[in-house]
Amino acid sequence: EDSEVNILENANTNSKIVAKAHRGATFYGLESSGRWLQIFHPYEGLLGFVEKHQVREFANNGYNASPYPAKPEPKAGYTTCNTKCINGDCYRTYSDGRQVHFQAEQKWNSFNNQFEWESGSC
């Protein structure tokens, strides 16, 4: 039996491999659909898909493994949201409960001569 598991970009066996993990590595399961499980590793900022038969699932004991931040309190007359980005991969939760996954824009900061990620406002 192979000692590594392919972590794929999409729930498809022909999808790009974004990483490999040793069997027994710990990830958080996010969504389960058919034969696929979406996983997240918070320390590496890794999000991908594995086939369920390749992993062993554990109860999350109440820990919110979702990469999406908590829903903010609504504020009359304003759109409120919480945004969490891992490199340029961003997750946003609005006060109405809507969740959006998007890629932040890379912009050049001429003051420190480097690119930075810009996630924008709500």
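Placed above this text is the structure.
Residues numbered from 1 in each chain as written. Predicted model: local features only at pLDDT ≥ 70, side-chain atom pairs only at ≥ 80, totals over all residues. Heavy atoms only, no water.

So, on to the overall build of the chain. In terms of regular secondary structure, the chain is built from zero helices and 10 strands. Listing every helix and strand of the chain by position from the N terminus yields β-β-β-β-β-β-β-β-β-β. Sorting the 122 residues of the chain into buried and exposed places 27% on the buried side. Counting contacts in the chain only where the partners sit at least 6 residues apart, residues at least 24 apart contribute 28% of the total. Approximately 8,700 Å² of the chain is accessible, and the part contributed by carbon and sulfur atoms is 44%. (Helix = DSSP H or I, 4+ residues; strand = E, 2+ residues; numbered from the N terminus. Buried < 20%, exposed > 50% of the residue type's maximum accessible area, 1.4 Å probe, protein only. Contact = heavy atoms within 4.5 Å. Areas by Shrake-Rupley, 256 points an atom, 1.4 Å probe, with all protein chains shown as cover.)

Judged from the five bridges that link them, strand E9 (residues 105–109) and strand E10 (residues 114–118) form a sheet pairing that is antiparallel. Within the sheet, the bridge partner assigned to Lys107 lies in E10 and is Glu116. (Pairing = 2+ DSSP bridges.)

We now examine the state of the cysteines. What makes a disulfide is a covalent bond joining the sulfur atoms belonging to two cysteines. Tallying each qualifying case throughout the model produces two disulfides. Sulfur-sulfur distance for the disulfide between Cys81 and Cys122 comes to 1.7 Å. One disulfide, between Cys81 and Cys122, carries an S-S torsion of -90 degrees and so falls in the left-handed class. With Cys81 in strand E6 (residues 81–86) and Cys122 in the segment after E10, the pair connects residues that are 41 residues apart, well separated along the chain. On the basis of relative accessibility, which here comes to 37%, the residue Cys122 falls in the partly exposed class. The disulfide partner of Cys85 is Cys90, and the gap between their sulfur atoms is 2.1 Å. Here the disulfide of Cys85 and Cys90 is right-handed, its torsion about the S-S bond being about 110 degrees. According to the relative accessible area criterion, Cys90 is buried, its value standing at 0%. Disulfides within the chain link the bonded cysteines, taken in sequence order, as 1-4, 2-3. (Disulfide = S-S within 2.5 Å.)

On to the sheet that holds strand E8 (residues 99–103), then. Sheet strands pair by backbone hydrogen bonding; their relative direction is either parallel or antiparallel. Reading across the sheet, the three strands line up as E6-E7-E8 and stay open at both edges, with antiparallel pairing between neighbours. In the strand order of this sheet, the two ends are held by E6 and E8, each with one partner. Averaged over all adjacent pairs, the angle separating strand axes in this sheet is 20 degrees, with direction ignored. Across six bridges, the pairing between E6 and strand E7 (residues 89–94) is antiparallel. Within E7, the position partnered with Thr83 by the bridge is Arg92. (Axes fitted to C-alpha atoms, helices over the stretch in contact; angles between N-to-C directions.)

With respect to the helices, strands and loops of the structure, Ser15 is situated in the loop between strand E1 (4–8) and strand E2 (17–22). Of the polar contacts made by the side chain of Ser15, one reaches the backbone nitrogen of Glu9; its length is 3.4 Å. A distance of 2.8 Å separates a polar side-chain atom of Ser15 from the backbone nitrogen of Asn10. For Ser15, the contacting residues outside a window of four places in its chain are Leu8, Glu9 and Asn10. (Polar contact = N/O pair within 3.5 Å; in protein donor to acceptor, adjacent residues only side chain to side chain.)

Using the criterion set out here, one finds two salt bridges in the structure. Residues Arg35 and Glu51 are paired through a salt bridge, measuring 2.7 Å at the closest nitrogen-oxygen approach. Taken together, the positions of Arg35 in the loop between strand E3 (28–33) and strand E4 (36–41) and Glu51 in strand E5 (residues 46–51) put the pair 16 residues apart, joining distant regions of the chain. Note on Glu51: relative accessible area 15%, which makes it buried. (Salt bridge = Lys/Arg side-chain N within 4 Å of Asp/Glu carboxyl O.)

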